[in-house]
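# Breakdown of the fold
Chain by chain, the residues:
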Amino acid sequence: MARILITGGCGFVGRHLVARLAREGGHELWIIDDLSTGKPPAQWEVPRLRPLGEEGGVQRHELVGLDQQVRLIRADFVAVAQAELGMTPSLGLAPLPRFDEIYHLASVVGGRNVIDNDPLAVGIDLAVDSSFFLWAAKKARPERILYASSSAAYPIDLQEAGESRALREDDISFDKRLGLPDYTYGWSKLTGEYLGRIAHEKYGLSVGVVRPFSGYGEDQDVVYPFPAIALRVAARRDPVRVWGSGEQTRDFVHIDDACDACVLVCRGVRDARAFNIGTGTPTRFLDLAGRMVAIEGYDASVIGTAGKPVGVAERYSDSSRIRDELGWRPTIALDDGIGRALDYARGRLERGIEPDM
Ligand SMILES: NC(=O)c1ccc[n+]([C@@H]2O[C@H](COP(=O)([O-])OP(=O)(O)OC[C@H]3O[C@@H](n4cnc5c(N)ncnc54)[C@H](O)[C@@H]3O)[C@@H](O)[C@H]2O)c1
């Protein structure tokens, strides 16, 4: 039994991680989330939450069907950390207990559109991450930390059209070479990784870092490409449009596999080394949409769309480190993930959610 905190636990990764940890059973699960972009408990689908009451700013919820509870503090993590550190007046919350594991996921993400068109949104991420590691090192002293970085931390010159290769963890070296990460979002993740390394080296904390590639899942917000394209296909669009030329590739990994990897890295890595979470297979957006059309079982052409943000040309993972050191392998094949996403997209259509194009 472990006492586990998930910052940003109402977000996409967080909700699936809560379900994953609840299925292990016996843990005391906590979330701190300001719900700035996360789903309020009443809207969770997997797992569903039933409110049990609130005391001292901590809401208790039952995870329906899982015989577990989760405690939610709805607050800005920066405010919580700074109050705990005595830097600002108390928020009126009881002091947080000591945690065995902390999965630090709170951040502003929002997909390519936010990355390209609101690049200072990561100012919040930098504040959250710096407050997090300060609080972890000087106050919280948890047994283990998982920091969610991103494949966006990798140098973009390794991801150019025709010249890319599978990205290896050692392509980023804080001692030798960093390269230019993917815009401000990549910089913030790189900075978070560096703080995690310092938290380990100078403050003795156990830190594991993950660099997820393109995590997807059926209930992901439709600002992300996978569920957005699934919605267009479920609505039987013809042609099906994808952003940019559609030649750009990504490494799509299902959220359930990604959560397994997060738990393995949190429990198996102490020295702030990073581990990719990806399948190792690059998929062009044109091909992703084409597979979706084939699985949906109708005829449609797939075409690109000019004037949309596209990001790097080719991005995929070398997954040998996490496979060889921790025994992780993806278990959900892309076609299965597509099938789930299409089922879910049909439900979205029934609820009146329309494709964007
Ligand atoms: N989803 C992916 O494929 C993917 C890929 C690479 C990296 N990551 C990283 O994983 C983490 C989680 O990603 P996600 O897809 O679940 O994002 P998300 O946007 O769905 O969830 C982030 C959560 O953080 C919360 N949050 C934001 N600011 C906060 C604050 N100041 N205080 C408290 N809570 C706050 C939001 O309300 C939200 O619930 C992020 O750090 C992201 O960079 C995710």
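Refer to the preceding data block for the structure.
The structure contained in this document is the topic of the report that follows. On a predicted model such as this, the values are computed, not experimentally measured, just so you know.

## Description of the overall build of the protein
- A tally of regular secondary structure across the protein gives 10 helices and 15 strands.
- Whereas a compact globule of 357 residues would reach a radius of gyration of roughly 21 Å, the protein reaches 20 Å, a difference of no more than 12%.
- Counting only C-alpha atoms and orienting by the principal axes, one finds that the protein spans roughly 60 × 50 × 35 Å.
- Looking at the 357 residues of the protein, the share that counts as buried comes to 52%.
- In the protein, once contacts between residues fewer than 6 apart in sequence are set aside, the share between residues at least 24 apart is 78%.
- When the accessible surface of the protein is split by element, carbon and sulfur atoms take 49% of a total near 15200 Å².

## So, a nonpolar patch on the surface
- Taken together, the side chains of Ile 156, Leu 180 and Trp 187 present a nonpolar region at the surface, about 270 Å² in accessible area.
- Along the polypeptide, Trp 187 turns up in helix 5 (residues 183-203).
- By relative accessible area, Trp 187 is classed as partly exposed at 40%.

## Some points on the site of the ligand
- In the neighbourhood of the ligand, 27 residues make up the surrounding shell, with Val 13, Asp 33, Asp 76, Tyr 185 and Lys 189 lying closest.
- Take Asp 33: an N or O atom from its side chain is 2.6 Å from an oxygen atom of the ligand.
- Between Gly 38 and the ligand, the recorded distance is 2.9 Å, taken from a backbone N or O atom to an oxygen atom.
- For the ligand, the protein covers 93% of the area, taking 830 Å² as the surface of the free molecule.
- The set of elements that each furnish at least two residues to the shell around the ligand consists of helix 1 (12-24) and helix 5.

## Overview of the environment of Gly 244
- Note on placement: Gly 244 falls in the loop between strand 10 (240-243) and strand 11 (249-250).
- Judged by its relative accessible area of 14%, Gly 244 falls in the buried class.
- In this structure, the C-alpha to C-alpha distance between Gly 244 and Ser 319, residues 75 residues apart in sequence, is 27 Å.
- Ignoring anything within four residues of it in the chain, the contact list for Gly 244 reads Gly 304, Thr 305, Lys 308 and Val 310.

## Details of the pattern of salt bridges
- Counting across every chain of the model gives 32 salt bridges.
- One salt bridge in this structure joins Asp 171 and Arg 165, with 2.8 Å as the shortest N-O distance.
- Given the relative accessible area of 30%, Arg 165 is considered partly exposed.
- Overlapping salt bridges bring together Arg 20, Glu 24, Glu 101, Arg 144, Asp 260 and Arg 267 as one network.

## A few points about the packing of aromatic side chains
- Overall, the coordinates contain 12 aromatic pairs when judged by the stated rule.
- Ring centres 5.9 Å apart and planes at 45 degrees place the aromatic pair Phe 77 and Phe 132 in the tilted group. Residue Phe 77 is found in helix 2 (residues 77-84), and its partner Phe 132 is found in helix 4 (residues 122-140); the two are separated by 55 residues along the sequence.
- A residue is classified by how much of its surface remains accessible, and Phe 77, at 3% relative accessible area, is buried.
- One aromatic cluster is present, formed by Phe 77, Phe 132, Phe 133, Trp 135 and Tyr 147 through successive ring pairs.

## Section: the nonpolar core
- In this structure, Ile 6, Leu 17, Leu 21, Leu 29, Tyr 103 and Ile 277 are the most contacted members of the largest nonpolar core, which totals 36 residues.
- Among the secondary structure elements, those contributing two or more residues to this core are strand 1 (3-7), helix 1, strand 2 (28-33), strand 5 (68-74), strand 7 (144-148), helix 7 (255-268) and strand 13 (271-277).
- Of the residues forming this core, the biggest block, 8 residues, is contributed by helix 7.
- Apart from the residues lying within four places of it in its own chain, the contact partners of Ile 6 are Gly 14, Leu 17, Val 18, Leu 21, Trp 30, Ile 31, Ile 32, Tyr 103 and Leu 105.
- If you look at the next biggest cluster of nonpolar residues, it comprises 29 residues, including Leu 96, Ala 136, Ala 137 and Ile 145.

Parameters and conventions
Residues numbered from 1 in each chain as written. Predicted model: local features only at pLDDT ≥ 70, side-chain atom pairs only at ≥ 80, totals over all residues. Heavy atoms only, no water. Helix = DSSP H or I, 4+ residues; strand = E, 2+ residues; numbered from the N terminus. Rg over C-alpha atoms; globule rule 2.2 N^0.38 Å. Buried < 20%, exposed > 50% of the residue type's maximum accessible area, 1.4 Å probe, protein only. Contact = heavy atoms within 4.5 Å. Areas by Shrake-Rupley, 256 points an atom, 1.4 Å probe, with all protein chains shown as cover. Patch = residues over 30% accessible without salt bridge, like charges linked within 9 Å, V, L, I, M, F, W, Y side chains within 5 Å. Salt bridge = Lys/Arg side-chain N within 4 Å of Asp/Glu carboxyl O. Near = heavy atom within 4 Å. Polar contact = N/O pair within 3.5 Å; in protein donor to acceptor, adjacent residues only side chain to side chain. Phe/Tyr/Trp six-rings, centres within 6.5 Å; stacked < 30°, edge-to-face > 60°. Core = buried A, V, L, I, M, F, W, Y, C linked by side-chain atoms within 4.5 Å.

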